[in-house]
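Take a look at the letters that make up each chain.
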Amino acid sequence: MSRIGSRLIGGALALALVTVGGCSSGESVDVDGAATQGGAGGVLTAAIGGEPDQLDPHRTSAYYSFEVLENVYDTLVEPDENLRMQPSLATKWTTSADQLTWTFTLRGGVRFSDGSPLTAEDVKYSYDRIVGEKLNAAYRFAAVKSVAAPDPTTVVVTLSAPTPNLLANLGGFKGVAIVEKSNVESGAIKTKPVGSGPFAVASYTSGDSVKLVRNDNYWNTKPKLDGVTFTFVKDPTVALQNLRGGEAQWTDNLPPQQVPALTDGGELTVQRKPSADYWYLALNQARKPYGDVNVRRAVAFALDPAAITKAAKFGLATVNQTAIPKGSSWYYEYAPYRHDPEQAKALLGQAGVSGLTMDLMVTSEYPETVSAAQVIAAQLKEVGITVKIRTLDFAQWLDEQGRGTFDAFMLGWLGNIDPDEFYYAQHHSGGAFNFQKYRNPAVDRLLDAARTQTDQGARKQAYDQAAKQIVDDASYIYLYNPDVVQGWSKKVTGYQARTDRAIRFRDVALTK
Amino acid sequence: MSAARDSQARRALSALRHDPPAVAGAVVLLALVVVGTAGRWLAPAGVNDVDVDQMLHPPSWAHPFGTDELGRDVLSRVLVAARVSLEVGVVSVGIALLVGAGIGLVAGYYRGWVDNVLMRGMDVLFAFPVLLLAVAIVAVLGPGLLTAMIAIGVVYTPIFARVTRAGVLSVREQVFVRAAVSIGASDLRIIRRHVLPNIAAPLIVQTSLSLAFAILSEAALSFLGLGIQPPAPAWGRMLFDGRGFVTEAWWLGFFPGAAIFLTVLAFNLVGDALRDVLDPRQLTLGEASRSTT
Amino acid sequence: MSRFVLRRLLQSAVVLLGVTLVVFLLLQLVPGDPVRVALGTRFDPQTYEALRTRAGLDRPLVAQYFSYVGRAVTGDLGVSFRSGQPVTRIVLERLPATLSLALTAVLIAVLVAFPLGVLAAVRSGSALDHAARVFSQFGVSVPDFWMGIMGILLFAGVLGWLPPSGYVPLTEDPAGWLAHVLLPAATVGLVTASILTRFIRSSVLEVLSADYVRTAEAKGLRTRVVVLRHVLRNALIPVITVVAVQLASLLGGVIVVEVLFAWPGIGRLTYDAVQARDYPVLQGAVLLVAALFLLMNLLVDILYARLDPRITAR
C-alpha cells in the first residue's frame, strides 16, 4: 500500500483536504468583476494562532504554513466554496476512454512571482519531486504511473488504475502546489517560496510574522490588497484585542467562549461553519484489556460527549458518534451510544475488568485535548476507571503514538472529505495511521472494495457499513466535529470562511 | 560554641519579633505550611471535580474564588496547589543547599586546584540566566514535577556554593581554626565543630531567600506549561490555563497570582529580616539571584 | 593590559569552554534519539540521516564535542531540526528584539530607581523611604507574568492605550515600536527597578555615613549640596556595575515576558525551540546568551577596575 510510506500530516493532523463533496457552504464569493468600491490598496494583517515550521509547501505539514501558502501558490485545479474542483492553472482536461490517461491544458502566459514562466515542465517537476522524494502528499499519487510534459501547455498524467478522485488529489490543497525548480534547488523555498499565486512572500521574520506583497505577475484578477501580513498570535485573547484595536483585521484564533457574544455583536464579522474535522479518543487495542471490544464499548458508554465538547470547544462543535459530519453527502446517521455509566459498568463486568488504570496521552500542542482529557478522566472515574493523564509536547506525543506506548490518546483529523480519507489509513489493518491497531477483516474488505468502486451509490453503501462496524467496534470513539470560526473587521470585504479552512485573501479589499 | 549559637538564635528571634513585616511574613508562612499539609481537607471541593455546567462562574458563596474553565472550584485548587509550590521550593532548595554547600565547603576548605575546578564549574552554571537554564534542563528531561525540582535545584546550586565558600574562607583563617589544625584535629572534625556553625547564618538566610526565588521559578516554569502537568493543580499552571479567559474571568488570573505573590513575599520578608540579624556582612547573594526572568 | 584584565580574560575563556560543554551535553542527555523525537511523523529516512550527520551524532562523543566547539568558533552552530535553517542566522535574527526590550527595560528601571533610591537614602526613615521599601519588596516578590497579565488587562483591555502584544522593529516604525515595547519593558523594568532601588539606597546610605561626608556636613554645607557633590559621585560606581549586570541578565532574553507579549526575542526562540524539540536552536540560543552574559560581566569587571583602582590590588 503506497500510503504506508506516506507521513503526511503531523501524525493525525491531516491537511488532506477535499474531494468533490457536498459540505454546506456560505454564500458564494463574487469572484469576477468584483471591483468593489474604494478598497484599492492597503495591507491586511491576519493574526494566525501559530508559526509555520517552514514554507516549502511539499514538505510542511503545519496548518499555519498552509494558511500562508494558500495565498502564494496555485494548483492545477482548486476547490470552490462548495468544494467542487474548478480550473486554476489548468483550464481544461480530458480523460481517455479507459480512464487511465488524463490530459490537462495549462493556462498560457502564467508566470511565477519572480517573472519566470510557469510551464508544463514545472508541473512535471513538482509532481516528480513529491513522488520521488516521498514527500507528504506522495500518497495522493499512489495510482499515478507517470507525468509527462509534451509541450509547454500540456500535462499528461498516466494512471495504473482508474482514479475518480484524481482532481481532488491534484488540487485539494496547496501541499500539491506547483513549485519553481530554481527556488527548490537554491533551498530558498523554505523561507522565501516563489509561487504563481496572488501574493508573493516578501519577508519572513521567525517568531513574528510573514509578510506577503501583491504578485503583479498574477494571471488572474489582480488582488486589491497591496499585501497581507500574517502575524503569529498564540493567545486568542490577544488576537481578539488585536482585532478590536485595529492591529489585525482578520483572525481564526478567537477565544471560543466569547464567540457567541461576538457573533451577535456588531463590531466584528464572525462566521461559524461546520468543518469536516473530527476529534476522537483511541484505545490501544494491542494492549490489555483494550483489545476486548466490551471494554472499548464500556468507555464509549461512560463518556458524555456533550460535556466533553463543552469543555473542549465551548459548544463550538457538533457532537457526532461517527466521523463524517452531517453536512457531507457521505454522512451516515448512527448514534448507538448514550451516557450510561450503569451500562458501562455492566460491560466492564462482562469483560472481567475491574480497578482499571488508563494511561491517556494528550498534547499541549492542542490544548483542547488537555481540557477534554480532564473531563474524560472525571467521567471514567464514575465507572471505576482511573485515568492517568500524560500531557506531552507534540514531538514526543507523535513519537509515542508511533511506538504504541499508550493506553489511549485523543486527537483530531482535519480537512478530510472523501470517506477513503476518513477511514482507510485509520481503520484498515494495514492503514498508515492505524495507531490503535484495529483489525477487522470485514472492515478491511469493505474499505478495499469501496476504494475502487466507481458506482457512487454502491460506494456510499460500503462506507456506511464500514462506518457502522467501526463505531460498533469502537475503533475510534468519535467525539465531535468542531466549527470553523473566523472573525474579521468590518473594514474587510469579500472574505468568506470556508469549510475546508483554506484562507484566501485574493478577492479581499480593505475599506478606509 | 553551642552557647554562642543559642544566643545568636535568641537574638534573631527577638529581633524578628520587633520587625512587623517579618512577623507578617512569618504568619503567612505558618498559614502556608498549614494549608500545604492540610489543603486537601480544607478545600471545600475536589481539585478535579469537573462540572461543565458550572464553568467560569464568578466568585460566590458556593465558590469564593469562582470556578474555572472546567467548572472546578478555584479556591480548592489554590489551596491544594500550595502543597506543590512548597514541595518544589523545599526539595529544589534542599538539593541546591546540599550540593552547593558541599561543593563550597570542599572548595573553600581545601583551596588549590580543587577549589579552582569546582568554582569554575559553578561559574559555568552561573553564566546562564536562571530561567533559561531551568527551561533547557526541562527540555532535556521532559516537563513534570520531578524535573522542575531538579532543574530549579541545579540552577540555585552555584549560589550556595559561593556563599558557603566565602564563609569557609573567612572562618578558615581565624585563630580557633588554625589552633585546631595545629593540634592535629581531623578535617571532618574541624569542619563539623568549627566551620559549619560559623557559616550557618548566611546559609540560613540564603535558604530563606532562595525559597522565594525557587517558588517564583516553579511558577514561571508552570506558567510556560513546562512545570507540573495537569490535572495536578499548580499556581503557575492555573495562570497558564486561565490566560485565555482573564478578560471575562479575572478571578482565574487574580487568585493564583496573588497566592504566588503572597508566598514569595512572605519568604522574602522573613529572609530579609534574617539577613539583617544574622548576616550583617551580607555574604548572601540575594540580589544577584533576584531576577527570575 | 594589566594582569587583572589578563586573568579575567583567561578565566572567562575557561568558563566559556565549560559553557560549551554543558550546551553540548544538553543534546546528549536527551533520552532516546533526539533527531527521531524532533522529527515526529515528519520522519523520513533521508532527512533523518542528513540531520544526524549534520549534527554529528554518528561519531564518537569526544570527536563530536571538539567538532562542535571548532565549528562554534567559526560561527557555525548547526542547522535547525525543524526548518533546516542555519542556527546562527535564526538566533542572530532574534537579537535586535531582545536588545531593544532589555535596553528599554533598564532605562525605565534606572529612571524609576535612581531618584527613588537616592531620595529614600537621603530621607532615610521618612514616609518616602518606607514607600520605596514597599515598592522594592513588591517588585521582587510579584511574578512578572502576573504583572504582565494585569498590565495587558488594564492598559490594553480596559483603557485601550497600548497594544496587548506584538512587535514592530524600531528601524521600521519607531512610534509603533515604542507603543509595543512599553508594556513588556515596564513589566521587566519593574523587577529591575526594585533591585536597583534597594541597591542605590544602601549604596548612598553607605557613602552618607562615611567620614568625609560627615566632615562636609559639619562644615555647614547644606544637605542637598553634599548629596550632589560628594555622595552621588562615590555611590555611582557600584551602581553602574549593578545596572550592567542586570542588563547582562536581561540580554539573555526574558523568556516569560517575551512569551506573554509575543516578543520575538531570544527568550521566545528558546521557548519555541523547547516546544518543537529543536535542540540545535536551543543549544545555539543558550550558548549565545551565556557568551553574552560572560562578555558583559567581563566588561563590567574591567570597567570597575578602571573606575576603582583598588580592585586590581586584590
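Residues numbered from 1 in each chain as written. Chains lettered and ligands numbered in written order. Predicted model: local features only at pLDDT ≥ 70, side-chain atom pairs only at ≥ 80, totals over all residues.

This part is about the packing of helix H13 (residues 441-452) of chain A against helix H14 (residues 456-472) of chain A. Residue and element names in this part refer to chain A. Running from N to C, H13 and H14 point in directions that differ by 155 degrees, and their axes come no closer than 9 Å. One element, H13, and the other, H14, form an angle in the roughly antiparallel class. Judged by the twist between their axes, the crossing of H13 over H14 is left-handed. Here Ala442, Val443, Leu446, Leu447, Ala449 and Ala450 of H13 lie close against H14, whose contacting residues are Arg459, Ala462, Tyr463, Gln465, Ala466, Gln469 and Ile470. Split into classes, the residues belonging to the contact of H13 with H14 amount to ten nonpolar, two polar and one charged. (Axes fitted to C-alpha atoms, helices over the stretch in contact; angles between N-to-C directions. Helix = DSSP H or I, 4+ residues; strand = E, 2+ residues; numbered from the N terminus. Parallel < 35°, antiparallel > 145°, perpendicular 65-115°, else oblique. Left-handed = near helix turned anticlockwise from the far one by under 90°. Contact = placed C-beta atoms within 7 Å. Nonpolar A, V, L, I, M, F, W, Y, C, P; charged D, E, K, R; others polar.)

Looking now at the nonpolar core. Membership of the largest hydrophobic core comes to 348 residues, with the highest contact counts inside it found for A:Ile376, B:Ala134, B:Val135 and C:Val256. Per-domain counts for this core show at least three residues from each of domain 1 (19-29 + 38-268 + 489-512) and domain 2 (278-483) of chain A. (Core = buried A, V, L, I, M, F, W, Y, C linked by C-beta atoms within 7 Å. Buried ≥ 20, exposed ≤ 12 C-beta atoms within 10 Å, placed from the backbone. Domains from an automatic or database assignment.)

Attention shifts here to the packing of helix H6 (residues 127-141) of chain C against helix H8 (residues 174-208) of chain C. All names here are of chain C. In the contact formed by H6 and H8, the axes pass within 8 Å of each other and the chain directions differ by 135 degrees. In terms of axis orientation, H6 runs oblique to H8. Once H6 is placed against H8, the crossing between them reads as left-handed. Together, Ala132, Phe135, Ser136, Gly139 and Val140 of H6 and Leu190, Val191, Ala193, Ser194, Ile195, Thr197, Arg198 and Arg201 of H8 make up the contact between the two elements. When grouped by side-chain class, the residues that make up the contact of H6 with H8 number seven nonpolar, four polar and two charged.

Residue-level contacts link 35 residues of chain B with 40 residues of chain C. Listed by contribution, the elements that provide at least two residues to the side of chain B that touches chain C are helix H4 (112-126), helix H5 (130-141), helix H8 (187-223) and helix H10 (250-278) of chain B. Of all the elements, H10(B) adds the most residues to the side of chain B that touches chain C, at seven residues. Residues belonging to the side of chain B that touches chain C are distributed by class as follows: 23 nonpolar, seven polar and five charged.

Across six bridges, strand E1 (residues 43-48) of chain A lies against strand E10 (residues 227-232) of chain A in parallel orientation. Note that in E10(A) the partner of A:Ala47 across the bridge is A:Thr231. (Pairing = 2+ DSSP bridges.)

Further remarks concern the sheet that holds strand E4 (residues 90-95) of chain A. Residues and elements named next belong to chain A. In spatial order, the strands read E4-E5-E7-E6; together these four strands make up an open sheet with antiparallel pairing. Of all strands in the sheet, those bounded by a partner on one side alone are E4 and strand E6 (144-151). Ignoring which end each strand starts from, the neighbouring axes of this sheet average 20 degrees apart. Pairing geometry for E6 and strand E7 (residues 154-159), over five bridges, is antiparallel. Bridging across to E7, Val147 finds its partner in Val157.

Once that is clear, we can look at H10(B). Over its 29 residues, H10(B) extends 41 Å from the first C-alpha to the last, a length consistent with the 42 Å expected when each residue adds 1.5 Å. Of all 29 residues making up H10(B), 24 are buried, and the element is well covered by its neighbours. (Expected span 1.5 Å × (residues − 1).)

Moving on, we get to the pairing of strand E13 (residues 278-283) of chain A. Residues and elements named next belong to chain A. With respect to burial, E13 is a largely interior element, six of its six residues being buried. Burial of E13 is two-sided: the residues Tyr278, Tyr280 and Ala282 facing one way and the residues Trp279, Leu281 and Leu283 facing the other way are all buried. As judged from the six bridges shared by E13 and strand E17 (residues 408-413), these two strands associate in the antiparallel manner. Directly across from Tyr280, in E17, lies its bridge partner Leu411.

What follows concerns the UniProt feature "transmembrane region" (unreviewed entry) in chain C. Residue and element names in this part refer to chain C. With numbering matched to this structure, UniProt assigns "transmembrane region" (unreviewed entry) to residues 101-122, 143-163, 175-196, 235-261 and 281-304. The span residues 101-122 is 100% helical and 0% strand by assignment, and the distance between its end C-alpha atoms comes to 32 Å. Along residues 175-196 one finds 100% helix and 0% strand; the C-alpha atoms at either end are 28 Å apart. (UniProt positions renumbered as here; feature names shortened; annotations may be inferred.)

The next thing to look at is the confidence of the model for chain A. Mean pLDDT for chain A: 86, with 92% of residues reaching 70 or above. Every residue in residues 1-39 of chain A scores below 50 in pLDDT, and together they form 125 contacts with partners more than four places removed in sequence or on other chains. (pLDDT = per-residue confidence, 0-100.)

Let us now look at the domain arrangement of chain A. Looking at the assigned domains, one finds that chain A contains domain 1 (19-29 + 38-268 + 489-512) and domain 2 (278-483). Between the C-alpha centres of domain 1 of chain A and domain 2 of chain A the distance comes to 31 Å.

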